[in-house]
Amino acid sequence: MTNSSSSSRVIEIEDGNNPEEEIDCEVTPDVQKRGADDNEEDGDVVPTIKLIVSYATSKHEISVPPQATFGDVKKLLANVTGLELNEQRLFFRGKEKQDEEGLHTAGLKDKCKLLLLEDQESKERKLEAVRMNEKMLEACEEVVKVRSEVDSLAEKLAVLEAAVHSGDKVPDKEFVVLGEFLMRQLLKLDGIKAEGEAKAQRRLEVRRVQSLVDTVDNLKAQNANPISNI
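From a predicted model like this one, the values you see are computed outputs, not experimental measurements. (Residues numbered from 1 in each chain as written. Predicted model: local features only at pLDDT ≥ 70, side-chain atom pairs only at ≥ 80, totals over all residues. Heavy atoms only, no water.)

## Describing the overall build of the protein
Applicable threshold: A run of DSSP states H or I qualifies as a helix once it reaches four residues; a run of E qualifies as a strand once it reaches two. Both are numbered from the N-terminal end. Partly exposed describes any residue whose relative accessible area lies between the buried limit of under 20% and the exposed limit of over 50%, with all areas from a 1.4 Å probe on protein chains only and scaled to the type maximum. Contacts were defined at the residue level, with two residues in contact if any of their heavy atoms lie within 4.5 Å. With residues, only the protein chains shown are counted as cover, and all accessible areas are computed by Shrake-Rupley using a 1.4 Å probe.
Looking only at helices and strands, one finds 5 helices and 7 strands in the protein. A burial count over the protein gives 35% of its 230 residues as buried. Sequence-distant contacts, at least 24 apart, represent 69% of the contacts inside the protein between residues at least 6 apart. Accessible surface for the protein amounts to roughly 14400 Å². Of this, 49% is attributable to carbon and sulfur atoms.

Printed below as a string of structure tokens:
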């Protein structure tokens with residue numbers, strides 16, 4: 001076995017399907033050939049050790065050079081777990097290890113086991129993000145319901161507008177009732193607690209309803225004074 005002090009690249013990453021029983025650390029490093037782009041003579045080999053990392057309900061088997069650090073291990077685990085480096089907590093024999101600490105310094109050998117936990121603050125931030133997203137979706141759904149009702153009122157307004165522009169006399173009650181229904185939609189929108197995209201959608205719908213209310217008022221005035229339509 002030829003030791004190398006210059007290489008810290010990943011040799012292998014694969015999911016491990018290992019038995020549940022404890023596996024003692026063994027001084028039997030896995031040996032693989034270097035790639036052609038390495039600065040070693042042909043035929044040189046790179047020693048690696050396999051580590052078994054438990055995370056949640058899964059296990060991952062990774063291969064790293066013996067001189068690697070726990071920070072290097074975290075970089076590999078980020079690819080297979082989706083956890084950022086600052087979200088990871090690595091434990092060996094019940095003690096949390098620091099990123100700069102070397103594996104050999106901590107006594108890690110081939111087939112040693114590590115425990116990976118997600119940082120508690122990170123978990124709480126993600127949970128809060130999930131809750132906020134759920135609230136936003138609920139708010140969006142409420143805005144969509146209001147929009148559907150406003151669509152129906154807009155169609156009725158279009159009918160009244162066509163009648164007024166054609167010179168027909170429309171009962172004032174039609175404008176009053178339609179205006180009241182539109183104001184109810186404004187109240188519904190005002191009662192929706194929204195953030196992010198839902199807030200933007202609510203704002204657009206509020207402007208739309210206000211525009212329809214203004215149209216109702218203008219049509220009512222034109223209906224009361226038909227001469228102004230000429």
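## Observations regarding the nonpolar core
Heads up, the rule is: Among buried residues, those of type Ala, Val, Leu, Ile, Met, Phe, Trp, Tyr and Cys that are joined through side-chain atoms within 4.5 Å constitute a nonpolar core.
With 24 residues, the main nonpolar core has Phe-175, Leu-178, Leu-182, Ile-192 and Val-209 as its most contacted residues. With residues up to four places along the chain from it excluded, the contact list for Ile-192 reads Ala-139, Glu-142, Val-143, Val-146 and Arg-202. With 20 residues, the next largest nonpolar core counts Val-53, Leu-103, Leu-108 and Leu-114 among its residues.

## Some thoughts on helix H5 (residues 196–224)
Test applied: To estimate how far a helix should extend, the number of its residues minus one is multiplied by 1.5 Å.
When the terminal C-alpha atoms of H5 are compared, their 43 Å separation across 29 residues agrees well with the 42 Å that a helix rising 1.5 Å per residue should span. Taken together, the buried positions of H5 are occupied by Ala-198, Arg-202, Glu-205, Val-209, Leu-212, Val-213, Val-216, Leu-219 and Asn-223. Close packing links the buried residues of H5 with helix H3 (120–165) and helix H4 (172–190).

## Points about H4
Residue pairs spaced three or four apart in an α-helix point in one direction, given the helix's 3.6 residues per turn. Inclusion rule: For this quantity, the arc is that covered by the directions from the helix axis to the C-beta atoms.
With 19 residues, H4 should cover 27 Å at 1.5 Å per step; its first-to-last C-alpha distance of 27 Å lies within 8% of that length. For H4, the set of buried residues is Phe-175, Leu-178, Gly-179, Leu-182, Gln-185, Leu-186 and Leu-189. For H4, the angular spread of buried residues about the axis comes to 115 degrees, placing them on one side. Exposed and oriented more than 90 degrees from the buried face of H4 are Lys-173 and Leu-187. In this structure, the buried residues of H4 make contact with H3 and H5.

## Regarding the packing of H3 against H5
Stated formally: The angle between two axes is taken between their N-to-C directions and runs from 0 to 180 degrees, where each axis is a line fitted to C-alpha atoms and a helix contributes only its stretch in contact. Should an angle lie under 35 degrees it is considered roughly parallel, over 145 roughly antiparallel, and from 65 to 115 roughly perpendicular; all remaining angles are considered oblique. A clockwise turn of the near helix away from the far one marks a right-handed crossing, whereas an anticlockwise turn of less than a right angle marks a left-handed crossing. Classification used: nonpolar for Ala, Val, Leu, Ile, Met, Phe, Trp, Tyr, Cys and Pro, charged for Asp, Glu, Lys and Arg, polar for all others including Gly.
Two elements in contact, H3 and H5, have axes whose closest approach is 10 Å; the angle formed by their N-to-C orientations is 20 degrees. Viewed along their axes, H3 and H5 adopt a mutual orientation that is roughly parallel. By crossing handedness, the relation of H3 to H5 is classed as left-handed. Broken down by class, the residue content of the contact of H3 with H5 amounts to 13 nonpolar, 5 polar and 7 charged.

## Let's talk about the packing of H3 against H4
Between H3 and H4, the least distance of the axes is 11 Å, while the angle of their chain directions is 155 degrees. Relative to H4, H3 is oriented roughly antiparallel. When the axes of H3 and H4 are compared, the crossing they make is left-handed. Contact with H3, carried on its side by Val-146, Glu-149, Val-150, Leu-153, Lys-156, Leu-157, Leu-160 and Val-164, involves Glu-174, Phe-175, Leu-178, Phe-181, Leu-182, Gln-185, Lys-188 and Leu-189 of H4 and no other residues of that element.

## Looking at the side chain of Glu-118
This is how it is decided: We call two N or O atoms a polar contact when they sit within 3.5 Å, provided that within protein one can donate a hydrogen and the other can accept it, with sequence-adjacent residues counted only if both atoms are side-chain atoms.
Mapped onto the fold, Glu-118 is located in strand S7 (residues 112–118). Residue classification places Glu-118 among the buried positions, given a relative accessible area of 18%. Looking at Glu-118, its side chain comes within polar contact range of the side chain of Ser-122, at 3.1 Å. Setting aside chain neighbours within four positions, we find Glu-118 in contact with Tyr-55, Leu-83, Glu-87, Lys-123 and Lys-126.

## Quick word on a negative patch on the surface
Note the cut-off: A residue counts toward a patch only above 30% relative accessible area and without a salt bridge, and it is joined to like-charged neighbours within 9 Å or, for Val, Leu, Ile, Met, Phe, Trp and Tyr, to nonpolar neighbours within 5 Å. One side-chain nitrogen of Lys or Arg within 4 Å of one carboxyl oxygen of Asp or Glu is enough to make a salt bridge. As used throughout, the charge tally considers Lys and Arg to be positive and Asp and Glu to be negative, leaving His and the chain termini uncounted. Just so you know, the charge point we use is NZ for Lys, CZ for Arg, CG for Asp and CD for Glu.
Together, Glu-134, Glu-138, Glu-141 and Glu-142 give the surface a local cluster of negative charge. In this structure, Glu-138 sits in helix H3.

## Considering the environment of Ala-162
Structurally, Ala-162 can be placed in helix H3. On the basis of relative accessibility, which here comes to 48%, the residue Ala-162 falls in the partly exposed class. Residues Ala-162 and Leu-219, 57 residues apart in the sequence, show an inter-C-alpha distance of 10.0 Å.

## What to know about the pattern of salt bridges
Applying the stated criterion to the full structure yields 11 salt bridges. With its nearest N and O atoms 3.1 Å apart, the salt bridge here joins Glu-118 to Lys-126. The shortest N-O distance in the salt bridge between Arg-147 and Glu-205 comes to 3.1 Å. Taken together, the residues Arg-147 in helix H3 and Glu-205 in helix H5 connect sequence positions 58 residues apart.

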